[in-house]
Amino acid sequence: MTIKELSECKVLVVDDTEANLDILVDALGDLYDLSVVMDGETALEAVAEEPPDIVLLDIMMPGMDGYEVCTTLKENPQFKKIPIIFLTALTEIENKTKGFQLGAVDYITKPFEVLEVQARVKTHLSLVLASQELEQQNQILEQKVLERTMELAQTQDVTIHSLATLAETRDNETGGHILRTQRYVKVLSEHLAQNEAYKDQLDKTTIDLLFKSAPLHDIGKVGVPDAILLKPGKLTDQEFDIMKTHARLGYDALLKAEEAFHMKEKPSFLRHARDIALTHHEKWNGRGYPQGLSEEKIPLSGRLMAVADVYDALISKRVYKPALPHDKAVEIIAEGKGEHFDPLVVEAFLELRDEFNRIKEQFADQHYESTKTD
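Since this is a predicted model, take the numbers as computed values, not measurements.

Thresholds, definitions, all that
- Residues numbered from 1 in each chain as written.
- Predicted model: local features only at pLDDT ≥ 70, side-chain atom pairs only at ≥ 80, totals over all residues.
- Heavy atoms only, no water.
- Helix = DSSP H or I, 4+ residues; strand = E, 2+ residues; numbered from the N terminus.
- Buried < 20%, exposed > 50% of the residue type's maximum accessible area, 1.4 Å probe, protein only.
- Contact = heavy atoms within 4.5 Å.
- Areas by Shrake-Rupley, 256 points an atom, 1.4 Å probe, with all protein chains shown as cover.
- Core = buried A, V, L, I, M, F, W, Y, C linked by side-chain atoms within 4.5 Å.
- Pairing = 2+ DSSP bridges.
- Axes fitted to C-alpha atoms, helices over the stretch in contact; angles between N-to-C directions.
- Polar contact = N/O pair within 3.5 Å; in protein donor to acceptor, adjacent residues only side chain to side chain.
- Right-handed = clockwise from strand over helix to strand, strands pointing away.
- Expected span 1.5 Å × (residues − 1).
- Arc of directions from axis to C-beta.
- Phe/Tyr/Trp six-rings, centres within 6.5 Å; stacked < 30°, edge-to-face > 60°.
- Salt bridge = Lys/Arg side-chain N within 4 Å of Asp/Glu carboxyl O.

**Notes on the overall build of the protein chain**
Consideration 1: A count of helical and extended segments in the protein chain gives 15 helices and five strands.
Consideration 2: Among the 374 residues that make up the protein chain, the fraction classed as buried is 43%.
Consideration 3: In the protein chain, 63% of the contacts between residues at least 6 apart in sequence involve partners at least 24 apart.
Consideration 4: For the protein chain, the exposed area adds up to about 19800 Å²; of that, 53% sits on carbon and sulfur atoms.

And the structure:
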């Protein structure tokens, strides 16, 4: 938006007396883009057709008087900011007070003094231009803040994805696992947000934070020795105990990050990330790890990731196992209802089974053939 010069400002004069109009045209016609009308109804039509920067408005007119015109303009959001200067021979305090109460910015008393008219109009038009310039600067600032916020959000997302990918590259899993589980968690969250039991825990902000934090669920695997992490066969009990430490390792690393940047008391994606990292291997029946939590003692984020992670593990091919068909994976998840998984999360999963399959196909691993359903 380009700020106009004073000489480009549009001034509308409304007065039913030709002699008054002549004086005002002589005073202002060479200085501004000036228009004149002689009654209230025509004034409203002129404003609607081409809004002026300021209105000089006579009070005492036949038909619709100046007070009515002012009231009508101020009630319209499109025109309420247009400054109005009343033109009047009325000098009583109550008349001036009424005009200011209706939204006028000034009075010019008849008979007119040309220099006074010019000075008052110039003052108020200067205020109009200053206000427009301030609004323009605010818009520019808001745009810069928005761009900077988007840049920081993108940087955060890239950092999260990079960290998650680093963990995955040390594992037998693939980058597709990150993208799929992230989206599984999101669709589950959005679905459960409609459930009375979970709607208070799953507002839009929380769902967005869960989506951001989900890729970090296995970040602790960077602390597991390669001999165990990359072993193609079944782990021994001792090896599995070491493997299970990845949940605590991930939690501790994310907690330290929160504390280092004083984010622990703020609604941060890191809080959700550490909860997911620590608890996505817990089971509804209390037989999971690392803490043996049960039922709703397991954070909701961990319960959501449990279903997402297990489903994706089932449908994915690994060096130590074949991929299962989608329908078989759905059957296994359903069998885990109330044992491995939160029953309500499983119910949501079953209603979303086709969406899970769509995500699986859309973000299929490039290194393996996609699993097709019958």
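**A look at the nonpolar core**
Consideration 1: Formed by 32 residues in total, the largest nonpolar core has its most connected members in Leu-188, Tyr-311, Ile-333, Phe-349 and Phe-356.
Consideration 2: Elements represented by at least two residues in this core include exactly helix H6 (175–192), helix H7 (204–213), helix H12 (300–315), helix H13 (326–335), helix H14 (343–351) and helix H15 (353–362).
Consideration 3: Leaving out residues up to four positions away in the same chain, Ile-333 has contacts with Val-307, Val-310, Tyr-311, Leu-314, Phe-341, Val-346 and Phe-349.
Consideration 4: In this structure, Ile-59, Tyr-67, Phe-86 and Ala-104 belong to the second largest nonpolar core, which totals 21 residues.

**So, the sheet that holds strand S4 (residues 84–88)**
Consideration 1: If you walk across this open sheet you meet the five strands as S2-S1-S3-S4-S5, and the pairing is parallel. Looking along the sheet, the strands with just one partner apiece sit at the ends: strand S2 (33–37) and strand S5 (106–109). Put simply, the sheet's adjacent strands are angled 20° from each other on average, direction ignored.

**Digging into the side chain of Arg-303**
Consideration 1: Counting through the fold element by element, Arg-303 comes out in helix H12.
Consideration 2: When its relative accessible area of 6% is taken as the criterion, Arg-303 is described as buried.
Consideration 3: Polar side-chain contacts of Arg-303 include one of 2.8 Å to the backbone oxygen of Ile-298.
Consideration 4: Filtering out sequence-adjacent residues up to four positions away, Arg-303 remains in contact with Tyr-198, Trp-284, Glu-295, Glu-296, Ile-298, Asp-342 and Val-345.

**Section: the pairing of strand S1 (residues 10–14)**
Consideration 1: Summarising burial for S1: four of the five residues are buried, a large majority.
Consideration 2: Pairing between S1 and S2: five bridges, direction parallel. By the bridge assignment, Val-13 is partnered in S2 with Val-36.
Consideration 3: A crossover connection joins S1 to the parallel S2 through helix H1 (residues 18–28); in handedness this β-α-β unit is right-handed.
Consideration 4: Bridge analysis of S1 against strand S3 (residues 54–58) gives four bridges, and the strand direction is parallel. Bridging across to S3, Leu-12 finds its partner in Val-55.

**Details of helix H10 (residues 245–260)**
Consideration 1: Helix length check: H10 (16 residues) gives 23 Å between terminal C-alpha atoms against 22 Å at 1.5 Å per residue, within 8%.
Consideration 2: If you check which residues of H10 are buried, you get His-246, Ala-247, Gly-250, Tyr-251, Leu-254, Leu-255 and Glu-258. Seen from one end, H10 has its buried residues packed into an arc of 165°, which puts them on one side. In H10, the exposed residues that point more than 90 degrees away from the buried face are Lys-256 and Ala-260.

**Remarks on the packing of aromatic side chains**
Consideration 1: Going through the model one piece at a time under the given rule, you end up with nine aromatic pairs.
Consideration 2: Here the aromatic rings of Phe-86 and Tyr-107 are separated by 5.7 Å at their centres, their planes lie at 45°, and the arrangement is tilted. Taken together, the residues span a long stretch of sequence, with Phe-86 in strand S4 and Tyr-107 in strand S5 at a distance of 21 residues.
Consideration 3: Taking 5.5 Å as the distance between ring centres and 75° as the angle between the ring planes, the aromatic pair formed by Phe-100 and Tyr-107 counts as edge-to-face.
Consideration 4: Tyr-107 gets classed as buried once you look at its relative accessible area, which sits at 6%.

**Describing the environment of Asp-275**
Consideration 1: Residue placement: Asp-275 occurs in helix H11 (residues 269–279).
Consideration 2: On a C-alpha basis, the gap between Asp-275 and Leu-254 in space is 9.4 Å, while along the polypeptide they are 21 residues apart.
Consideration 3: With near-sequence residues (within four places) excluded, Asp-275 lies in contact with Pro-299 and Ser-301.

**What about the pattern of salt bridges?**
Opposite charge on two side chains makes pairing possible when the charged atoms of those side chains draw close.
Consideration 1: This model, assessed by the stated rule, comprises 18 salt bridges.
Consideration 2: Linking Glu-196 and Lys-199 is a salt bridge whose minimum nitrogen-to-oxygen distance equals 3.3 Å.
Consideration 3: Judged by relative accessible area, Glu-196 falls into the exposed class, the value being 59%.
Consideration 4: The partly exposed category is assigned to Lys-199, whose relative accessible area is 38%.
Consideration 5: For the salt bridge of Arg-274 with Asp-275, the shortest nitrogen-to-oxygen distance reads 3.9 Å.

None of the figures reported here should be taken as evidence of function without further support.
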